[in-house]
Amino acid sequence: MNSRHAIIIMLTLGVAIVTALTLTPYVLMHASPAQVFAERDRDPSPPTQTGREAVKAVVAAEPDLDAAAWYAERGEEPQRHGVLIETVNRKKVLASLNPDAAYNPASLTKLATTLAAIKKLGADYRFETRVFAEGEIDAKGTLQGTLRVDGADPTFGDIAANFIAKELKGRGIKKVRDELAVSPGFALTSATPKNRRRV
């Protein structure tokens, strides 16, 4: 290599270095490194995720509710529960706990029953429970006859029964001489949602 070629190579490298140094401040002022990498890695047409892959992608985001802590605060063992609550568009997780584990749905099947009932009866539907007193009430508060209860409320339980007892006592009935008769469709459940009052 003669001296002329060496000078040309040095001049070319010098121009390249000067150009790079000149453009560097401009690039740094108009784009952060994160933006540069984001633009580099951006895929204009990402593949659509479905099924388990979509669930895992959504669950990777931090949920709004710590489901494990929620169960622990109530004395439950978090590992015995599975939760995955997300928005309809599947872009945000509201709560997640063991989302890939298989569990018996148990009472969650009531959600389907509730949805069917709302569609059939409407959101404003209310079950009625009617109470009839047959006979006179004596001075001691005893109904000299039969107390009849008519209704088919599937949520009727202890709270509603206590409410009826309180109402009867307020009307002077403390005891029933004959019997408490209920209609064929009536049932007393073991648990009643709080704040439910129906007569």
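Residues numbered from 1 in each chain as written. Predicted model: local features only at pLDDT ≥ 70, side-chain atom pairs only at ≥ 80, totals over all residues. Heavy atoms only, no water.

Draft legend 1. Quick look at the overall build of the protein. Regarding its fold elements, the protein presents six helices and six strands. Counting from the amino terminus, helix and strand elements in the protein follow one another as α-α-α-α-β-β-α-β-β-α-β-β. When burial is assessed residue by residue, the protein has 16% of its 199 residues classed as buried. Carbon and sulfur atoms make up 58% of the accessible area of the protein, which totals about 15,700 Å². (Helix = DSSP H or I, 4+ residues; strand = E, 2+ residues; numbered from the N terminus. Buried < 20%, exposed > 50% of the residue type's maximum accessible area, 1.4 Å probe, protein only. Areas by Shrake-Rupley, 256 points an atom, 1.4 Å probe, with all protein chains shown as cover.)

Draft legend 2. Inspection of the environment of T129 at higher detail. Within the secondary structure, T129 is located in strand β3 (residues 129-137). In sequence terms T129 and V149 are 20 residues apart; their C-alpha atoms lie 7.0 Å from each other.

Draft legend 3. Geometry of the confidence of the model for the protein. Summary statistics for the protein give a mean pLDDT of 78 and a share of 71% for residues scoring 70 or more. For the stretch residues 43-47, pLDDT sits under 50, and the model shows zero contacts to residues farther than four places along the chain or on other chains. Counting contacts from residues 192-199, a segment whose pLDDT is below 50, to residues more than four positions away or on other chains yields 20 contacts. (pLDDT = per-residue confidence, 0-100. Contact = heavy atoms within 4.5 Å.)

Draft legend 4. Region of interest: the nonpolar core. Membership of the largest hydrophobic core is limited to nine residues, which are L143, L147, V149, F156, A160, I164, L168, I173 and F186. Counting residues per element, the ones that place at least two in this core are β4 (142-151) and α6 (158-170). Setting aside its immediate chain neighbours within four residues, L147 contacts V131, F132, A133, L168, V176, E179, L180 and A181. Formed by five residues, the second largest nonpolar core is a distinct cluster that contains A67, Y71, A95 and L97. (Core = buried A, V, L, I, M, F, W, Y, C linked by side-chain atoms within 4.5 Å.)

Draft legend 5. Structural detail: the side chain of D153. Considering the arrangement of structural elements, one finds D153 in the loop between β4 and α6. The exposure class assigned to D153 is buried, which follows from its relative accessible area of 4%. In terms of polar contacts, D153 uses its side chain to reach the side chain of T155, at 2.7 Å. (Polar contact = N/O pair within 3.5 Å; in protein donor to acceptor, adjacent residues only side chain to side chain.)

Draft legend 6. Local environment of α6. Helix length check: α6, at 13 residues, gives a terminal C-alpha distance of 18 Å against a target of 18 Å (1.5 Å per residue), a fit within 8%. Buried residues of α6: A160, I164 and L168, and no others. Looking straight down α6, one finds its buried side chains confined to an arc of 80°; they lie on one side. Turned more than 90 degrees away from the buried face of α6 sit N162, K166, K169 and G170, all of them exposed. The secondary structure elements touched by the buried residues of α6 are β3 and β4. (Expected span 1.5 Å × (residues − 1). Arc of directions from axis to C-beta.)

Draft legend 7. Looking closely at the pairing of β4. The element β4 is extensively covered by neighbouring structure, given that seven of its 10 residues are classed as buried. In this sheet, β4 lies alongside β3 in antiparallel orientation, the contact comprising nine bridges. Opposite F132, over in β4, you have R148 as the bridge partner. Between the end of β3 and the start of β4, which pair antiparallel, lie four residues, with G141 showing a positive phi angle near 85°. (Pairing = 2+ DSSP bridges.)

Draft legend 8. Molecular detail of a nonpolar patch on the surface. Nonpolar side chains collect at one region of the surface, where I9, L13 and I17 lie side by side and expose about 290 Å² of accessible area between them. Looking at the element boundaries, I9 is found in helix α1 (residues 3-30). (Patch = residues over 30% accessible without salt bridge, like charges linked within 9 Å, V, L, I, M, F, W, Y side chains within 5 Å. Salt bridge = Lys/Arg side-chain N within 4 Å of Asp/Glu carboxyl O.)

Draft legend 9. Highlighting the packing of aromatic side chains. Counting across every chain of the model gives three aromatic pairs. The interplanar angle of 90° and the centroid separation of 5.2 Å between the aromatic rings of Y125 and F127 together place this pair among those described as edge-to-face. Aromatic side chains F156 and F186 sit 4.9 Å apart centroid to centroid with 65° between the ring planes, which places their arrangement in the edge-to-face category. You can see F156 sitting in the loop between β4 and α6 and its partner F186 sitting in the segment after β6 (179-182), a full 30 residues away along the chain. F186 matches F156 in its accessibility class, with the two residues each being buried. (Phe/Tyr/Trp six-rings, centres within 6.5 Å; stacked < 30°, edge-to-face > 60°.)

Draft legend 10. Just the pairing of strand β2 (residues 93-97), in detail. In terms of burial, β2 is a largely internal element, four of the five residues being buried. Here four bridges tie strand β1 (residues 83-86) to β2, and the two strands are oriented antiparallel to one another. Among the inter-strand pairings, E86 is bridged to a residue of β2, identified as V93. Here β1 hands over to β2 after six residues, with R90 in that stretch at a positive phi of 65°.

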